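Structure at a glance
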Amino acid sequence: MTSPVNARRWINWGGNQQAVAVDVLTPGTVDEVAAQVKEASGTGRRIKAVGSGHSFTDIALANDQRLLLHRLNGLVSIDGPLVTVQAGMPLSRLNALLAEHGLAMPNLGDIDEQTVAGAISTGTHGTGAKHSTIASCVEAVKLVNGAGEVVTIDPGDPLLPAARVSLGALGVLVEVTLRCTEAFTLLADERPMALADVMAGLDEWIAGNDHAEFYWYPYTDRAQLKINNKVEDNDRPLSRFRGWLDDDFLSNSVFGAVCRIGRAVPATVPPISALAARALTARTYTERSDRVFCTPRRVHFTEMEYEIPRSALPEVLDALPRIIDGLPFRVQFPVEVRFTGPDDVWMSHGYGRDSAYVAVHQFVGNDYEPYFRAVEAVCRPLGGRPHWGKLHYRTAEDLRPAYEKFDDFVAVRDQFDPARVFANDYLDRVLGS
């Protein structure tokens, strides 16, 4: 749903954020980025780098100068497992490039349309107790700071933990070095289960598998467990028909039609959800890792996702049915639950602890705010941290206690962008002005 490259009006993928820029900048080199930022700094203007529009918050809104990085999308170098790419490269292109060189990302989220810069800057993550955000794979970055200077932050630099998840507040990322791994195959095991059975075995599912997650279907006691593990051979691929049926037809075409019916006739949502949960069938297959991690998403939605301490998950799940039953509208999307291990990235949601992520969605065009606010009200007192790229209602005042390194990050922001060239309303709200 993003507008053409040179259009001043911009709409994000979820359709819930839009802005009209005064100017649209499309640099093709690092030097051009530096010159454009330096000019903005010298004239008192603001400039905001924008990726593919897959954030649901207003983190990428630019009402003055919008800077698009789609031309900075090339490979810079490969040195063993260290791969340096320009920051405007989409994850889909990165995955294909890595596969060509016998490499892969150790973990990924379930969408690959984001740019590398956008994915790491907002804390995009997948699932797996031995993994954290994609940003934890970042070994070095090159960025343009608020004075228009090109700054390289290398391994061992004390500022690297700040730059890995930067929210776009420190500068314009132009190059990113990622620590990758040898290409690998995943065995995907997806099975419908009773939610109670998933929860009863959850500790074992998380500890005993490389990647584990589940979906709970509102208005039911049913869930779908998904586990992925590395295997040596890609010997059980899905048939082309089964792949099309599950991931294209059912998950996109049919699901989109069902959502439109539910939006028009809300009373149909609970029985349809129950039918869908009961109709799920188990499947196992092998495939290249990124093709298992990432799936097409053509049914548009809005989303909020909260990270909570893993031990707090039962309390949140117990509250969800009461929240959903009390809403003045119906919820059409399943609730997604994922897990990561701790990292040391200052503004990462998973900083310093084992995490559970609870993601709630609504079909595009449907009301969502009472739902999202109610879930946030449960997660916040548990120490919950909102995903930076997904809707939330937090401010700097109440985020500061949730992040041990919050003030350290703000100090780096003061150093890199004292004039707030890269600020917008979102950053003013979550970091302070």
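**Digging into the pattern of salt bridges**
Where side chains of opposite charge bring their charged atoms close, a pairing between them can arise. Using the criterion set out here, one finds 24 salt bridges in the structure. Here Lys390 ties to Glu305 by a salt bridge, and the two come within 3.0 Å at their closest N and O atoms. In this pair, Lys390 is assigned in the loop between β20 (385-386) and α12 (396-399) and Glu305 in strand β17 (residues 301-309), connecting sequence segments 85 residues apart. The pair formed by Lys390 and Glu305 is uniform in burial state, with each residue classed as buried. Shared partners join several salt bridges into a network, and the residues in it are Glu303, Glu305, Glu336, Arg338 and Lys390.

**Examining the pairing of strand β6 (residues 75-79)**
As judged from the four bridges shared by β6 and strand β7 (residues 82-86), these two strands associate in the antiparallel manner. The residue of β7 that forms the bridge with Leu75 is Val85. Turn length for the β6-β7 hairpin, with the two strands adjacent in sequence and antiparallel, is two residues, and the turn residue Gly80 shows positive phi of about 65°.

**Examining the environment of Gly256**
Its place among the elements puts Gly256 in helix α7 (residues 240-264). Not counting residues up to four positions away in its chain, the partners in contact with Gly256 are Val299 and Phe363.

**A closer look at the layout of surface pockets**
There is about 560 Å³ of room inside the second largest pocket. Forming the walls of the second largest pocket are 34 residues, and the residues nearest its centre are Asp247, Tyr285, Arg291, Cys294 and Thr295. Looking at the lining of the second largest pocket, the elements with two or more residues in it are β13 (185-194), β14 (211-216), β15 (222-231), α7, β16 (283-288), α9 (289-293) and β18 (335-340). The dominant element in the lining of the second largest pocket, judged by the number of residues it contributes, is α7, at five residues. When its residues are assigned to classes, the lining of the second largest pocket shows 11 nonpolar, eight polar and 15 charged.

**As for helix α11 (residues 369-379)**
One turn of the α-helix equals 3.6 residues, which is why residues spaced by three or four share an orientation. When α11 is considered as a whole, its buried residues turn out to be Tyr371, Phe372, Val375, Glu376 and Cys379. The buried residues of α11 occupy an angular sector of 130° when projected down its axis, which confines them to one face. Buried residues along α11 sit in contact with β17, α10 (313-325), β18 and β19 (355-363).

About the criteria used
- Residues numbered from 1 in each chain as written.
- Predicted model: local features only at pLDDT ≥ 70, side-chain atom pairs only at ≥ 80, totals over all residues.
- Heavy atoms only, no water.
- Salt bridge = Lys/Arg side-chain N within 4 Å of Asp/Glu carboxyl O.
- Helix = DSSP H or I, 4+ residues; strand = E, 2+ residues; numbered from the N terminus.
- Buried < 20%, exposed > 50% of the residue type's maximum accessible area, 1.4 Å probe, protein only.
- Pairing = 2+ DSSP bridges.
- Contact = heavy atoms within 4.5 Å.
- 1 Å grid on protein atoms, 1.4 Å probe; cavity = no way out; pocket = protein on both sides within 12 Å on 5 of 7 lines; lining within 4 Å.
- Points joined across faces, edges and corners; volume = space filled by probe spheres on them.
- Nonpolar A, V, L, I, M, F, W, Y, C, P; charged D, E, K, R; others polar.
- Arc of directions from axis to C-beta.

All quantities given are derived from atomic positions and should not be read as evidence of function.
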